[in-house]
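Single-letter residue listing:
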Amino acid sequence: MKKPVNEGSASALIDEKIKELGDWRGKTLAKVRAIIHQADPEILEEVKWVKPTTPGTPVFSHGGIVCTGETYKNVVKMTFAKGAALKDPSGLFNSSLDGNVRRAIDIHEGDKVDEAALKDLIRAAVALNLKGKTKPQRKPKLTSRRAPNKRAG
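Before going into details, it helps to say that this report is about the structure given with it. Everything quoted here is computed from the prediction, not taken from an experiment.

## Observations regarding the overall build of the chain
A tally of regular secondary structure across the chain gives three helices and five strands. A burial count over the chain gives 39% of its 153 residues as buried. Put simply, of all contacts in the chain between residues at least 6 apart along the chain, 50% involve residues at least 24 apart. Entry remark: accessible area of the chain is about 10,700 Å², with carbon and sulfur atoms responsible for 52%.

## Regarding the sheet that holds strand β4 (residues 76-80)
Across the sheet, five strands lie side by side as β1-β2-β3-β4-β5; this open sheet has antiparallel pairing. Looking along the sheet, the strands with just one partner apiece sit at the ends: β1 (44-48) and β5 (103-107). Put simply, the sheet's adjacent strands are angled 25° from each other on average, direction ignored. Bridge count between strand β2 (residues 57-61) and strand β3 (residues 65-71): three bridges; the pairing is antiparallel. Bridge pairing in β3 links Val59 to Thr68. Each of β1, β2, β3, β4 and β5 touches helix α2 (residues 24-39); the most contacted strand, β4, lies at about 30° to it.

## Topic: the side chain of Ser61
You can see Ser61 is positioned in strand β2. In terms of polar contacts, Ser61 uses its side chain to reach the side chain of Glu46, at 2.6 Å. The residues contacting Ser61, other than those within four sequence positions of it, are Glu42, Ile43, Leu44, Glu46 and Val66.

## Here's the deal with the pairing of β5
Taking burial as the measure, the five residues of β5 include five buried ones, the bulk of the element. On β5, burial covers both faces: Arg103, Ile105 and Ile107 on one face and Ala104 and Asp106 on the other are all buried. Relative to β5, β4 runs antiparallel, the two being bridged by five bridges. Counterpart to Val76 in the pairing with β5 is Ile107.

## Focus on the nonpolar core
Counting 24 residues, the largest nonpolar core has Ile36, Val66, Met78, Phe80, Ile105, Leu118 and Ile122 as its most contacted members. Looking at this core element by element, the count peaks at six residues for helix α3 (residues 115-130). Filtering out sequence-adjacent residues up to four positions away, Met78 remains in contact with Val32, Ile36, Cys67, Thr68, Arg103, Ala104, Ile105, Ile107 and Leu118. Ranked by size, the runner-up nonpolar core spans five residues in total, among them Ala10, Ile14, Leu29 and Val47.

## Examining the environment of Asp40
By secondary structure assignment, the location of Asp40 is in the loop between α2 and β1. Judged by relative accessible area, which is 9%, Asp40 ranks as buried. Distance in space between the C-alpha atoms of Asp40 and Ser61 is 10.0 Å, their sequence separation being 21 residues. What Asp40 contacts, discounting residues up to four positions off in sequence, is His62 and Val126. Within the structure, Asp40 has its side chain in polar contact with the side chain of His62 (distance 2.5 Å).

## A few points about the pattern of salt bridges
Applying the stated criterion to the full structure yields six salt bridges. With a closest N to O distance of 2.7 Å, Glu45 and Arg33 form a salt bridge. Pair noted here: Glu45 is in strand β1 and Arg33 is in helix α2, with a separation of twelve residues, a long-range link. The class for Arg33 is buried, based on a relative accessible area of 13%.

What counts, and at which threshold
- Residues numbered from 1 in each chain as written.
- Predicted model: local features only at pLDDT ≥ 70, side-chain atom pairs only at ≥ 80, totals over all residues.
- Heavy atoms only, no water.
- Helix = DSSP H or I, 4+ residues; strand = E, 2+ residues; numbered from the N terminus.
- Buried < 20%, exposed > 50% of the residue type's maximum accessible area, 1.4 Å probe, protein only.
- Contact = heavy atoms within 4.5 Å.
- Areas by Shrake-Rupley, 256 points an atom, 1.4 Å probe, with all protein chains shown as cover.
- Pairing = 2+ DSSP bridges.
- Axes fitted to C-alpha atoms, helices over the stretch in contact; angles between N-to-C directions.
- Polar contact = N/O pair within 3.5 Å; in protein donor to acceptor, adjacent residues only side chain to side chain.
- Core = buried A, V, L, I, M, F, W, Y, C linked by side-chain atoms within 4.5 Å.
- Salt bridge = Lys/Arg side-chain N within 4 Å of Asp/Glu carboxyl O.

Below you can see the structure in the form of structure tokens.
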């Protein structure tokens, strides 16, 4: 099992991927990446699932995976790890709609990204990840003990 790439080098690898694509997919991935960071400045960038045949997948995390940014020949795909649990009033999810957990947004060449709706979705994904992560400390149960019987004697 390979270790995830650390934050600094992950960002550099994502920069390199954008540069290497050099077409609409690189521009779209860069735009989506900027929107993600505007929505949540505490997002961590990682590159996971690195194999000899693939350079890995850009992953954006905060309290767990928020989404990935994959590039294919005809689409830039943002897959939300817990997308099925998110409300999507703007209808951004247009792929992987049958799964029980994930949902994705496929962005094709020429598509306009609804930045406000995407930011809302990212913030909701982060909130879902953080829900229950910082549980309040349990208060100790109040117990009373009887004072030991004192025998006169």
